[in-house]
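Results of the structural survey
Listed below are the residues making up each chain.
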Amino acid sequence: HAFDFHRLIRGGQLAPLAAYLKPGAGGGAFGDAWYCDGPPGLARSQDGVVRTSCLDCLDRTNVAQWCVAREALVRQLAVARGRLIAGGARPQVAQLWDGDSGRLVEAAQALWALNGDALSLQYAGTASLRSGLLRGKADADGDETDAPPPPAGPAGRLSAAAGIAGSLASKLTDGAHSLQRYYVSNFRDEVRQQAVDACVMPLPGFAPADGAGAAAAGAGTAPASLHITVLTWNVNGKPPPGDMAPAVVEQWARAAKGPKPHVVVVGVQELVALDVKSALTSDCTGRAEEWTPSLEVGLSRTYGAVYEKCYSKNMFGVQTWLFVRRDCAESLGEVYGEAVKVGFGGTVGNKGGIGLRCVVHGVPLCFVNAHLPSGSKHVSERNAACGEVVANL
């Protein structure tokens, strides 16, 4: 069920969201949980799962997942308590169990918040933006402990002011984290992504034991010959020419004579103007998205087939797209791109290159789109920049 997360947590309260996700509520969906406490063996079996569809599971997703996990934990503790009483435990033992259960839920909630912060630091460079919602205490039933009503008089006003100050501090912290994320994603994310890729990307020539990766990269019937078209142009910072853009792309593509390609790689340079103002204010991703529909339409008109954009990568003024003919899309695999900046000592992407590698019908391919220092007087500088791009891809 779709629901408004921000409406449910309005005022910094987790309880409304937790109540909504409970069984019988608008979004609740829980089956019996698995439980076993030794001989004679299995007591209950799990009959359902909760699936989360989220790219990174940060912030809001982390909070919602805790509500689900807390409900499962509370149910498991309730089952264990019932079996304890059924086994003849004294009332005092049950009371001790209730107290320990409350502390366990509270500790699990704190641990969940810390884990969310750790994951967010790895992925986004800051703590989770919503972890403050999980810093409150929870009782044995899994609900947030309600704060006592403020006393009357000056003490009550002071207590209310403290609550407002705490809420404001939480929002200021989230705002600071948002600004830090913007900085990290725009200026520091490349090194972070390289580290992640080094950990999770397969080594060259690596194939899974079951051959699943190789099958995916070679899906479909391989053609006798693999036809590839590479288009490149320096657009001089100009946007696509409106409704005429597909026709321009069509004219551009027809200049590359040859059979209908299975793969088309498009590389442009100076996607935006290469000046200080553009470096600070230009939306390079937005400009690339302006070109993408015109490229898809122009390629389809030129070759009489549907071409799908399967990958794109930007480095300030340098942009690369990978288009694959629809009937070959299932054969595409192991797509990866990397950018190397050489402008101003390797800090700015006005000069440099983008490398793209992929496998189509089992054939490994690699493309480099470079924008290097120009002019007959800069041959040595241009060769050095080219060598730096190739050496660092």
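That block above? That's the structure.
Residues numbered from 1 in each chain as written. Predicted model: local features only at pLDDT ≥ 70, side-chain atom pairs only at ≥ 80, totals over all residues. Heavy atoms only, no water.

As for the overall build of the protein chain
- Within the protein chain, the secondary structure is distributed over 10 helices and 9 strands.
- Residues counted as buried form 34% of the 393 residues belonging to the protein chain.
- Within the protein chain, counting contacts between residues at least 6 apart in sequence, those at least 24 apart form 66% of the total.
- Surface exposure of the protein chain reaches about 22,700 Å², of which carbon and sulfur atoms provide 58%. (Helix = DSSP H or I, 4+ residues; strand = E, 2+ residues; numbered from the N terminus. Buried < 20%, exposed > 50% of the residue type's maximum accessible area, 1.4 Å probe, protein only. Contact = heavy atoms within 4.5 Å. Areas by Shrake-Rupley, 256 points an atom, 1.4 Å probe, with all protein chains shown as cover.)

Notes on the environment of G298
- Summarising the element assignment, G298 is placed in helix α9 (residues 284-303).
- Accessibility expressed as a relative area gives 0% for G298, which makes it buried.
- With 49 residues separating them in the primary sequence, G298 and V249 have C-alpha atoms 5.1 Å apart.
- Once residues within four sequence positions are removed from consideration, G298 is found in contact with P246, V249 and E250.

Some thoughts on the environment of R357
- Tracing the sequence through the fold places R357 in strand β8 (residues 348-360).
- Here E334 takes part through its backbone oxygen, which lies 3.0 Å from a polar atom of the side chain of R357. (Polar contact = N/O pair within 3.5 Å; in protein donor to acceptor, adjacent residues only side chain to side chain.)

Regarding the packing of helix α3 (residues 60-86) against helix α4 (residues 91-124)
- Contact geometry for α3 and α4: axes closest at 11 Å, N-to-C directions at 160 degrees. By the criterion of interaxial angle, the relationship of α3 to α4 is roughly antiparallel. Where α3 crosses over α4, the two elements pack in a sense that is right-handed. For the pair formed by α3 and α4, the contact residues are N62, Q65, W66, A69, R70, L73, V74, L77, A80, R81, L84 and I85 on the first element and V93, A94, W97, D98, S101, L104, V105, A108, Q109, W112 and G116 on the second. (Axes fitted to C-alpha atoms, helices over the stretch in contact; angles between N-to-C directions. Parallel < 35°, antiparallel > 145°, perpendicular 65-115°, else oblique. Left-handed = near helix turned anticlockwise from the far one by under 90°.)

What to know about the pattern of salt bridges
- Under the criterion given, the structure shown has 7 salt bridges.
- Residue R287 pairs with E290 through a salt bridge whose shortest N-O separation is 3.8 Å. Remark: E290 and R287 occur in helix α9; sequence separation between them is 3 residues, near one turn of the helix.
- Between R326 and E308 there is a salt bridge whose closest N-O contact spans 2.8 Å. Taken together, the positions of R326 in the loop between β6 (318-325) and β7 (332-343) and E308 in strand β5 (residues 307-315) put the pair 18 residues apart, joining distant regions of the chain.
- Given a relative accessible area of 27%, E308 falls into the partly exposed group. (Salt bridge = Lys/Arg side-chain N within 4 Å of Asp/Glu carboxyl O.)

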